[in-house]
Amino acid sequence: MTSARLAPLVLAIGAILLFAHEDSAATGRPHAKPRPQPQPPAISNDTRLLVIAPHPDDEVLGAGGLMRQVNAAGGQVRVAYVTDGDGYPEGVQLEEHDRKLSGKDFRGYGRKRQKEARAALSALGLGADAATFLSFPDQGLCKLIRTYWSERRRPFRSPYTRRDRPPNAEVLVPDTEYRGEDLTQELARIIGDFRPTIILVPRKEDQHPDHCAAWYFVVDALGDVRRVQPDFTTDLLNYIIHYNEWPSDDARTAMPPPRGLRGGASGGCTCRCRRRT
Ligand SMILES: [Zn+2]
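Residues numbered from 1 in each chain as written. Predicted model: local features only at pLDDT ≥ 70, side-chain atom pairs only at ≥ 80, totals over all residues.

A. Spotlight on the overall build of the protein chain. Helix and strand counts for the protein chain stand at eight helices and five strands. In the protein chain, buried positions account for 43% of the 277 residues. (Helix = DSSP H or I, 4+ residues; strand = E, 2+ residues; numbered from the N terminus. Buried ≥ 20, exposed ≤ 12 C-beta atoms within 10 Å, placed from the backbone.)

B. Just unusual backbone geometry, in detail. We note that Gln139 has phi near 65°; this positive angle belongs to a residue other than glycine. Within the fold, Gln139 resides in the loop between strand E3 (131-136) and helix H6 (141-146). For Gln139, a count of 20 C-beta atoms within 10 Å corresponds to the buried category. Phi at Asp175 takes a positive value of approximately 65°, unusual for a residue other than glycine. Residue position: Asp175 is located in the loop between H6 and helix H7 (180-194). With 9 C-beta atoms counted inside 10 Å, the residue Asp175 sits in the exposed group.

C. Just the sheet that holds strand E1 (residues 48-53), in detail. On the basis of which strands lie adjacent, the open sheet formed by five strands has the order E3-E2-E1-E4-E5 and parallel pairing. What marks the edges here is a single partner per strand, and that holds for E3 and strand E5 (235-239). Within the sheet, the average angular offset between the axes of one strand and its neighbour, ignoring direction, is 20°. Sheet analysis places strand E2 (residues 76-83) next to E3, joined by four bridges and oriented parallel. When the sheet's bridge partners are listed, Ala80 is paired in E3 with Thr132. (Pairing = 2+ DSSP bridges. Axes fitted to C-alpha atoms, helices over the stretch in contact; angles between N-to-C directions.)

Right, dumping it as structure tokens:
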């Protein structure tokens, strides 16, 4: 699976939300300037949490504890899986015992990951209605931003599943295809209908292209929602799965990986998701 190849760093970082912090005394490195510790979001039965997962497994690695907390408080939880995590040849190869792979094999792998995701949500006490699978192309979200944005071009076709659109059963907005503006509309539909009080999305600095692209699409979708529902507000929180260290952009001390797990570059992919104008 897409994230599994980067498992050590996932374990180091995945469970840590924005409000994680490590004291300088533990690291031996001085703070440039003490900062107030960020507070976790307030949770109640009014909380409506939407977790954006680029691939099945990101939601549990990044926000399993928060989902459980919201559910226990009587709030509502939804997870939008942007892709099925089906663009992972190494994983499919293992499943298929090294025979030549076809689009059908990748599509089957995606369905298997959907099933695993539902089982993971069930383990957290969430029902099947908590999951929405958008089935956009794994390893292709950045391309939708950079090249396949609008109807002026044909849709992107996944080199893995051979699909150029999600299965009909999973389409929210009619005529959705693998284009950037179509994914924005799908996410805007989910946000506008569910009206989350908290949205959890990968941080834009996440080094996996699908992850930082997910951030871009959520921000774009929020703009669409606010044009139609000007009164809509939500807390936008980040989680990070793939990165060298944590935190990365302020004066606080970097957080080393847990003992026994290596840190270092995560996948070697730097996000260059930029929409062409
Ligand atoms: Zn992922």
